[in-house]
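Structural features, examined
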Amino acid sequence: MTGKQRYFATVARGLEEIAARELQQLGAALVQPEVAGVAFTGDRATLYKANLWLRTVFRVLVPLAEFPCRSAQDLFRGTYAISWEEYLPPHLTLAVYCTGSNRQLNHTHFSALQVKNAIVDRQRQQFGKRSSIDTQEPDVAVHLHIRGDRGTVSLDSSGSSLHRRGYRPAVGHAPLKETLAAGLLALGDWQPELPLLDPMCGSGTLLLEAGAIACNIAPGLFRQEFGFQRWLDFDAELWDRLVFEARQQQRSELPAPIVGSDLDPEAILQCRDNARRCGLGDRLHFECRDLAEVTAPADRGVMICNPPYGKRLGDEEELCELYKQLGDIFKQRFTGWTAYVLSGSKELSKCIGLRASQRLPVYNGPLRCTLLRYELY
(Lines give C-alpha, C1' and ligand atoms only; values in the text may rest on other atoms or scores of the structure.)
Protein backbone atom coordinates (compact mmCIF):
# COMPACT_ATOMS: atom_id res chain seq x y z
CA MET A 1 0.00 0.00 0.00
CA THR A 2 1.59 3.24 -1.16
CA GLY A 3 0.43 6.82 -1.62
CA LYS A 4 -2.86 8.06 -0.21
CA GLN A 5 -5.21 5.43 1.20
CA ARG A 6 -8.69 5.51 2.70
CA TYR A 7 -8.85 4.26 6.30
CA PHE A 8 -11.59 3.71 8.87
CA ALA A 9 -11.18 4.13 12.64
CA THR A 10 -13.74 2.30 14.82
CA VAL A 11 -14.93 4.07 17.96
CA ALA A 12 -17.59 3.83 20.67
CA ARG A 13 -20.89 5.46 19.76
CA GLY A 14 -20.99 9.01 21.05
CA LEU A 15 -17.28 9.62 20.53
CA GLU A 16 -17.23 9.95 16.73
CA GLU A 17 -16.75 13.73 16.72
CA ILE A 18 -14.00 13.50 19.33
CA ALA A 19 -12.13 10.90 17.26
CA ALA A 20 -12.57 13.03 14.14
CA ARG A 21 -11.00 15.97 15.95
CA GLU A 22 -8.05 13.79 16.98
CA LEU A 23 -7.53 12.70 13.38
CA GLN A 24 -7.63 16.26 12.10
CA GLN A 25 -4.99 17.22 14.66
CA LEU A 26 -2.81 14.38 13.34
CA GLY A 27 -3.05 15.79 9.83
CA ALA A 28 -5.45 13.23 8.34
CA ALA A 29 -7.42 14.39 5.29
CA LEU A 30 -11.08 14.03 4.29
CA VAL A 31 -12.08 13.18 7.86
CA GLN A 32 -15.71 12.02 7.91
CA PRO A 33 -17.48 10.88 11.13
CA GLU A 34 -19.91 7.99 10.65
CA VAL A 35 -21.84 5.77 13.04
CA ALA A 36 -19.34 4.15 15.45
CA GLY A 37 -16.39 5.23 13.37
CA VAL A 38 -14.53 7.84 11.34
CA ALA A 39 -13.36 7.54 7.73
CA PHE A 40 -10.22 9.41 6.75
CA THR A 41 -7.45 9.56 4.17
CA GLY A 42 -3.68 9.59 4.56
CA ASP A 43 -0.37 7.96 3.71
CA ARG A 44 1.45 5.18 5.55
CA ALA A 45 2.81 7.62 8.13
CA THR A 46 -0.78 8.71 8.86
CA LEU A 47 -1.75 5.08 9.46
CA TYR A 48 1.17 4.55 11.84
CA LYS A 49 0.55 7.82 13.69
CA ALA A 50 -3.14 6.99 14.07
CA ASN A 51 -2.26 3.78 15.89
CA LEU A 52 0.41 5.50 17.96
CA TRP A 53 -1.48 8.66 18.97
CA LEU A 54 -5.26 8.19 18.84
CA ARG A 55 -6.73 8.02 22.34
CA THR A 56 -10.42 7.31 21.63
CA VAL A 57 -10.23 4.74 18.81
CA PHE A 58 -10.49 0.93 19.03
CA ARG A 59 -9.03 -0.08 15.67
CA VAL A 60 -7.75 1.42 12.44
CA LEU A 61 -8.94 -0.57 9.44
CA VAL A 62 -7.60 -0.50 5.87
CA PRO A 63 -10.51 -1.18 3.48
CA LEU A 64 -9.50 -3.39 0.55
CA ALA A 65 -12.81 -3.77 -1.28
CA GLU A 66 -16.51 -2.99 -1.06
CA PHE A 67 -18.95 -5.05 -3.08
CA PRO A 68 -22.60 -6.24 -3.32
CA CYS A 69 -23.24 -8.70 -0.51
CA ARG A 70 -26.77 -10.06 -0.85
CA SER A 71 -25.84 -13.73 -0.44
CA ALA A 72 -23.08 -16.10 0.60
CA GLN A 73 -22.15 -16.43 -3.08
CA ASP A 74 -21.77 -12.64 -3.42
CA LEU A 75 -19.60 -12.58 -0.33
CA PHE A 76 -17.38 -15.41 -1.54
CA ARG A 77 -16.93 -13.91 -5.02
CA GLY A 78 -16.24 -10.41 -3.74
CA THR A 79 -13.62 -11.66 -1.29
CA TYR A 80 -11.99 -14.03 -3.78
CA ALA A 81 -11.51 -11.16 -6.26
CA ILE A 82 -9.18 -9.31 -3.86
CA SER A 83 -5.44 -9.74 -4.64
CA TRP A 84 -4.64 -11.54 -1.40
CA GLU A 85 -1.17 -12.46 -2.64
CA GLU A 86 -0.22 -8.80 -2.05
CA TYR A 87 -1.12 -9.00 1.63
CA LEU A 88 -1.16 -12.60 2.78
CA PRO A 89 1.40 -15.19 1.66
CA PRO A 90 0.77 -18.69 3.05
CA HIS A 91 3.50 -18.48 5.70
CA LEU A 92 1.52 -15.77 7.56
CA THR A 93 -1.34 -16.80 9.83
CA LEU A 94 -4.89 -15.51 9.38
CA ALA A 95 -8.01 -14.68 11.37
CA VAL A 96 -11.32 -13.31 10.08
CA TYR A 97 -13.83 -11.27 12.09
CA CYS A 98 -17.27 -10.07 11.08
CA THR A 99 -19.63 -7.32 12.21
CA GLY A 100 -23.05 -6.45 10.84
CA SER A 101 -25.63 -8.55 9.00
CA ASN A 102 -28.48 -8.52 6.53
CA ARG A 103 -31.43 -10.79 5.75
CA GLN A 104 -29.38 -13.49 3.99
CA LEU A 105 -26.15 -13.12 5.95
CA ASN A 106 -27.44 -12.96 9.50
CA HIS A 107 -24.83 -15.02 11.35
CA THR A 108 -21.41 -13.43 11.80
CA HIS A 109 -19.58 -16.75 12.24
CA PHE A 110 -21.00 -18.08 8.95
CA SER A 111 -20.11 -14.84 7.12
CA ALA A 112 -16.56 -14.89 8.50
CA LEU A 113 -16.25 -18.51 7.35
CA GLN A 114 -17.19 -17.53 3.79
CA VAL A 115 -14.45 -14.88 3.80
CA LYS A 116 -11.90 -17.34 5.15
CA ASN A 117 -12.85 -19.95 2.52
CA ALA A 118 -12.52 -17.43 -0.30
CA ILE A 119 -9.10 -16.28 0.91
CA VAL A 120 -7.61 -19.76 1.32
CA ASP A 121 -9.10 -20.94 -1.99
CA ARG A 122 -7.36 -18.05 -3.77
CA GLN A 123 -4.13 -18.88 -1.91
CA ARG A 124 -4.31 -22.50 -3.05
CA GLN A 125 -4.86 -21.32 -6.62
CA GLN A 126 -1.93 -18.87 -6.44
CA PHE A 127 0.56 -20.73 -4.23
CA GLY A 128 -0.62 -24.34 -3.96
CA LYS A 129 -0.91 -23.94 -0.19
CA ARG A 130 -2.78 -21.79 2.34
CA SER A 131 -2.39 -19.84 5.58
CA SER A 132 -3.04 -21.41 8.95
CA ILE A 133 -5.75 -19.95 11.16
CA ASP A 134 -4.72 -18.29 14.44
CA THR A 135 -7.59 -16.59 16.25
CA GLN A 136 -5.39 -15.42 19.16
CA GLU A 137 -2.41 -13.67 17.55
CA PRO A 138 -2.79 -13.76 13.76
CA ASP A 139 -0.19 -12.20 11.50
CA VAL A 140 -3.01 -10.73 9.41
CA ALA A 141 -6.48 -9.98 10.79
CA VAL A 142 -9.24 -9.49 8.22
CA HIS A 143 -12.48 -7.68 9.05
CA LEU A 144 -15.76 -7.99 7.20
CA HIS A 145 -18.49 -5.43 7.83
CA ILE A 146 -21.94 -5.99 6.35
CA ARG A 147 -24.26 -3.00 6.08
CA GLY A 148 -27.44 -3.38 4.09
CA ASP A 149 -26.63 -5.11 0.81
CA ARG A 150 -22.95 -4.09 0.83
CA GLY A 151 -19.92 -5.77 2.34
CA THR A 152 -16.55 -4.19 3.11
CA VAL A 153 -13.42 -6.29 3.62
CA SER A 154 -10.55 -4.61 5.47
CA LEU A 155 -7.20 -5.34 7.05
CA ASP A 156 -6.88 -4.55 10.76
CA SER A 157 -3.74 -2.46 11.24
CA SER A 158 -4.04 -2.35 15.04
CA GLY A 159 -4.02 -5.99 16.13
CA SER A 160 -5.55 -6.09 19.60
CA SER A 161 -7.92 -3.22 20.42
CA LEU A 162 -6.17 0.10 20.98
CA HIS A 163 -7.95 0.53 24.32
CA ARG A 164 -5.49 -2.09 25.61
CA ARG A 165 -2.72 0.43 26.11
CA GLY A 166 -0.37 -2.03 27.78
CA TYR A 167 0.16 -0.07 31.00
CA ARG A 168 -2.74 -1.42 33.05
CA PRO A 169 -2.52 -5.04 34.25
CA ALA A 170 -4.27 -4.01 37.47
CA VAL A 171 -7.96 -3.14 37.11
CA GLY A 172 -10.98 -2.84 39.38
CA HIS A 173 -14.25 -4.75 39.33
CA ALA A 174 -15.92 -2.78 36.53
CA PRO A 175 -13.05 -1.05 34.69
CA LEU A 176 -13.65 1.82 32.31
CA LYS A 177 -12.00 1.35 28.91
CA GLU A 178 -9.09 3.70 28.36
CA THR A 179 -10.59 4.89 25.07
CA LEU A 180 -13.84 5.88 26.80
CA ALA A 181 -11.93 7.59 29.63
CA ALA A 182 -10.04 9.72 27.12
CA GLY A 183 -13.31 10.46 25.33
CA LEU A 184 -15.02 11.59 28.53
CA LEU A 185 -12.19 14.00 29.27
CA ALA A 186 -12.54 15.46 25.77
CA LEU A 187 -16.34 15.66 25.99
CA GLY A 188 -15.91 17.47 29.30
CA ASP A 189 -13.57 20.03 27.71
CA TRP A 190 -10.97 19.36 30.39
CA GLN A 191 -7.64 21.03 29.70
CA PRO A 192 -4.33 20.10 31.39
CA GLU A 193 -4.10 23.60 32.87
CA LEU A 194 -7.11 22.82 35.10
CA PRO A 195 -6.87 20.72 38.29
CA LEU A 196 -8.66 17.37 37.90
CA LEU A 197 -10.21 15.25 40.64
CA ASP A 198 -11.88 11.82 40.59
CA PRO A 199 -13.28 11.07 44.08
CA MET A 200 -14.19 7.46 43.18
CA CYS A 201 -11.23 6.63 41.00
CA GLY A 202 -11.18 2.81 41.16
CA SER A 203 -8.06 1.64 39.32
CA GLY A 204 -7.50 5.20 38.08
CA THR A 205 -8.25 4.99 34.36
CA LEU A 206 -9.66 8.52 34.00
CA LEU A 207 -6.69 10.05 35.81
CA LEU A 208 -4.09 7.91 34.05
CA GLU A 209 -5.47 9.00 30.68
CA ALA A 210 -5.52 12.62 31.88
CA GLY A 211 -1.90 12.34 33.00
CA ALA A 212 -0.87 10.93 29.62
CA ILE A 213 -2.67 13.81 27.87
CA ALA A 214 -1.11 16.44 30.16
CA CYS A 215 2.39 15.00 29.64
CA ASN A 216 1.77 14.42 25.91
CA ILE A 217 2.54 10.72 26.19
CA ALA A 218 1.40 8.84 23.08
CA PRO A 219 -0.87 5.96 24.20
CA GLY A 220 0.66 3.56 21.72
CA LEU A 221 4.12 3.78 23.30
CA PHE A 222 3.17 1.20 25.93
CA ARG A 223 2.13 -1.53 23.50
CA GLN A 224 4.41 -4.36 22.48
CA GLU A 225 3.13 -4.67 18.91
CA PHE A 226 0.61 -3.48 16.33
CA GLY A 227 -0.92 -5.53 13.54
CA PHE A 228 0.80 -3.57 10.75
CA GLN A 229 4.23 -4.58 12.10
CA ARG A 230 3.65 -8.10 10.74
CA TRP A 231 2.63 -6.95 7.28
CA LEU A 232 4.78 -7.50 4.20
CA ASP A 233 5.13 -3.74 3.57
CA PHE A 234 5.97 -2.74 7.16
CA ASP A 235 8.37 0.23 7.09
CA ALA A 236 10.45 -0.27 10.24
CA GLU A 237 12.55 2.84 9.61
CA LEU A 238 9.49 5.06 9.37
CA TRP A 239 7.96 3.51 12.47
CA ASP A 240 11.14 3.91 14.52
CA ARG A 241 11.32 7.58 13.51
CA LEU A 242 7.70 8.21 14.57
CA VAL A 243 8.25 6.49 17.92
CA PHE A 244 11.44 8.52 18.51
CA GLU A 245 9.61 11.76 17.71
CA ALA A 246 6.78 10.79 20.07
CA ARG A 247 9.21 10.18 22.92
CA GLN A 248 10.90 13.53 22.26
CA GLN A 249 7.56 15.36 22.55
CA GLN A 250 6.78 14.13 26.07
CA ARG A 251 6.55 16.66 28.91
CA SER A 252 7.98 15.92 32.35
CA GLU A 253 5.70 18.07 34.52
CA LEU A 254 1.95 18.41 35.00
CA PRO A 255 0.60 21.95 34.49
CA ALA A 256 -1.97 21.37 37.27
CA PRO A 257 -2.68 18.71 39.92
CA ILE A 258 -4.39 15.44 38.99
CA VAL A 259 -5.84 13.82 42.10
CA GLY A 260 -7.72 10.60 42.76
CA SER A 261 -9.25 9.08 45.87
CA ASP A 262 -11.12 5.90 46.69
CA LEU A 263 -12.39 4.16 49.80
CA ASP A 264 -10.74 0.88 48.75
CA PRO A 265 -7.02 0.75 49.71
CA GLU A 266 -6.43 -2.03 47.17
CA ALA A 267 -7.73 0.25 44.41
CA ILE A 268 -5.28 2.97 45.42
CA LEU A 269 -2.41 0.48 45.28
CA GLN A 270 -3.56 -0.45 41.77
CA CYS A 271 -3.62 3.22 40.78
CA ARG A 272 -0.07 3.80 41.95
CA ASP A 273 1.17 0.65 40.23
CA ASN A 274 -0.54 1.62 36.97
CA ALA A 275 0.87 5.16 37.18
CA ARG A 276 4.39 3.77 37.46
CA ARG A 277 3.80 1.47 34.49
CA CYS A 278 2.65 4.29 32.23
CA GLY A 279 5.59 6.53 33.08
CA LEU A 280 3.73 8.97 35.31
CA GLY A 281 5.31 7.78 38.54
CA ASP A 282 4.54 10.13 41.42
CA ARG A 283 3.20 12.94 39.23
CA LEU A 284 -0.38 11.81 39.95
CA HIS A 285 -1.62 11.93 43.53
CA PHE A 286 -3.75 9.06 44.87
CA GLU A 287 -5.11 8.70 48.39
CA CYS A 288 -7.39 6.34 50.28
CA ARG A 289 -10.31 8.53 51.38
CA ASP A 290 -14.03 8.17 51.95
CA LEU A 291 -16.25 10.23 49.67
CA ALA A 292 -17.54 12.14 52.70
CA GLU A 293 -14.00 13.43 53.38
CA VAL A 294 -13.25 14.68 49.85
CA THR A 295 -12.40 18.38 49.54
CA ALA A 296 -11.44 20.63 46.63
CA PRO A 297 -7.65 20.81 46.05
CA ALA A 298 -7.97 24.22 44.36
CA ASP A 299 -10.39 27.15 43.89
CA ARG A 300 -11.48 25.89 40.50
CA GLY A 301 -11.10 22.81 38.39
CA VAL A 302 -12.90 19.76 36.99
CA MET A 303 -14.30 16.87 38.97
CA ILE A 304 -15.19 13.74 36.99
CA CYS A 305 -16.35 10.36 38.21
CA ASN A 306 -17.89 7.09 37.10
CA PRO A 307 -19.99 5.89 40.06
CA PRO A 308 -21.66 2.44 39.93
CA TYR A 309 -24.93 2.34 37.97
CA GLY A 310 -26.60 -0.63 39.61
CA LYS A 311 -26.07 -2.65 36.39
CA ARG A 312 -22.92 -4.47 37.41
CA LEU A 313 -21.97 -3.12 40.85
CA GLY A 314 -24.40 -2.50 43.69
CA ASP A 315 -28.16 -2.10 43.83
CA GLU A 316 -30.02 1.02 42.65
CA GLU A 317 -31.90 1.55 45.91
CA GLU A 318 -28.71 1.33 47.96
CA LEU A 319 -26.83 3.53 45.49
CA CYS A 320 -29.32 6.40 45.61
CA GLU A 321 -27.82 7.55 48.91
CA LEU A 322 -24.36 7.57 47.32
CA TYR A 323 -25.56 9.80 44.49
CA LYS A 324 -27.31 12.13 46.95
CA GLN A 325 -24.07 12.40 48.92
CA LEU A 326 -22.22 13.21 45.70
CA GLY A 327 -24.65 16.04 44.93
CA ASP A 328 -24.32 17.43 48.46
CA ILE A 329 -20.52 17.47 48.17
CA PHE A 330 -20.77 19.27 44.82
CA LYS A 331 -22.89 22.02 46.38
CA GLN A 332 -21.04 22.37 49.67
CA ARG A 333 -17.35 22.02 48.75
CA PHE A 334 -16.82 22.60 45.03
CA THR A 335 -18.12 26.09 44.26
CA GLY A 336 -16.30 27.38 41.18
CA TRP A 337 -15.75 23.88 39.78
CA THR A 338 -17.35 21.98 36.90
CA ALA A 339 -18.44 18.43 37.73
CA TYR A 340 -19.11 15.51 35.39
CA VAL A 341 -20.85 12.26 36.29
CA LEU A 342 -21.04 9.28 33.91
CA SER A 343 -24.43 7.77 34.66
CA GLY A 344 -26.12 4.66 33.33
CA SER A 345 -29.30 5.17 35.35
CA LYS A 346 -31.81 8.03 35.00
CA GLU A 347 -33.27 7.25 38.42
CA LEU A 348 -29.89 7.42 40.15
CA SER A 349 -29.06 10.64 38.31
CA LYS A 350 -32.13 12.25 39.87
CA CYS A 351 -30.73 11.43 43.31
CA ILE A 352 -27.88 13.91 42.76
CA GLY A 353 -30.44 16.67 43.32
CA LEU A 354 -28.92 19.17 40.89
CA ARG A 355 -29.98 20.25 37.42
CA ALA A 356 -27.45 19.20 34.80
CA SER A 357 -26.40 22.00 32.44
CA GLN A 358 -25.60 19.46 29.72
CA ARG A 359 -26.41 15.80 28.99
CA LEU A 360 -24.09 14.04 26.55
CA PRO A 361 -25.07 10.55 25.31
CA VAL A 362 -22.26 7.97 25.23
CA TYR A 363 -21.90 4.19 25.41
CA ASN A 364 -19.91 2.34 28.07
CA GLY A 365 -19.58 -0.98 26.25
CA PRO A 366 -23.18 -2.01 25.45
CA LEU A 367 -24.62 0.25 28.16
CA ARG A 368 -26.23 3.48 27.00
CA CYS A 369 -25.04 6.16 29.41
CA THR A 370 -25.14 9.92 29.84
CA LEU A 371 -22.29 12.23 30.79
CA LEU A 372 -23.91 14.82 33.05
CA ARG A 373 -22.35 18.28 33.41
CA TYR A 374 -22.90 20.44 36.50
CA GLU A 375 -21.79 24.07 36.72
CA LEU A 376 -21.14 24.66 40.44
CA TYR A 377 -21.52 28.43 40.78
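Just so you know, these numbers come straight off a predicted model, no measurement behind them.

About the thresholds
Residues numbered from 1 in each chain as written. Predicted model: local features only at pLDDT ≥ 70, side-chain atom pairs only at ≥ 80, totals over all residues. Heavy atoms only, no water. Helix = DSSP H or I, 4+ residues; strand = E, 2+ residues; numbered from the N terminus. Rg over C-alpha atoms; globule rule 2.2 N^0.38 Å. Buried < 20%, exposed > 50% of the residue type's maximum accessible area, 1.4 Å probe, protein only. Contact = heavy atoms within 4.5 Å. Areas by Shrake-Rupley, 256 points an atom, 1.4 Å probe, with all protein chains shown as cover. Lys, Arg positive; Asp, Glu negative; His and termini not counted. Salt bridge = Lys/Arg side-chain N within 4 Å of Asp/Glu carboxyl O. Polar contact = N/O pair within 3.5 Å; in protein donor to acceptor, adjacent residues only side chain to side chain.

Moving on to the overall build of the protein chain. For the protein chain, the count of helices and strands is ten helices and 14 strands. Taking 21 Å as the expected radius of gyration for a compact globule of 377 residues, we find that the protein chain reaches 23 Å, a close match to that expectation. Across its three principal directions, the C-alpha atoms of the protein chain cover 70 × 45 × 35 Å. A buried classification covers 53% of the 377 residues belonging to the protein chain. A separation of at least 24 residues holds for 78% of the contacts in the protein chain among residues at least 6 apart in sequence. Taken as a whole, the protein chain presents about 17500 Å² of accessible surface, with 47% of it coming from carbon and sulfur.

Glancing now at unusual backbone geometry. Unlike most non-glycine residues, Asp189 shows phi in positive territory, near 55 degrees. When you line up the elements, Asp189 lands in the loop between helix H5 (178-187) and strand S8 (196-198). On the basis of relative accessibility, which here comes to 49%, the residue Asp189 falls in the partly exposed class. Within the chain, Asn216 stands out as a residue other than glycine whose phi angle is a positive 55 degrees. Relative to the assigned elements, Asn216 resides in the loop between helix H6 (205-214) and helix H7 (236-248).

This part is about the side chain of Glu22. By the secondary structure assignment, Glu22 is in helix H1 (residues 16-26). For the buried Glu22, no salt bridge is present, and the opposite-charge side chain at shortest range is Arg55, 5.0 Å distant. In this structure the side chain of Glu22 is engaged in a polar contact, spanning 2.5 Å, whose partner is the side chain of Thr56. Leaving out residues up to four positions away in the same chain, Glu22 has contacts with Trp53, Leu54, Arg55 and Thr56.

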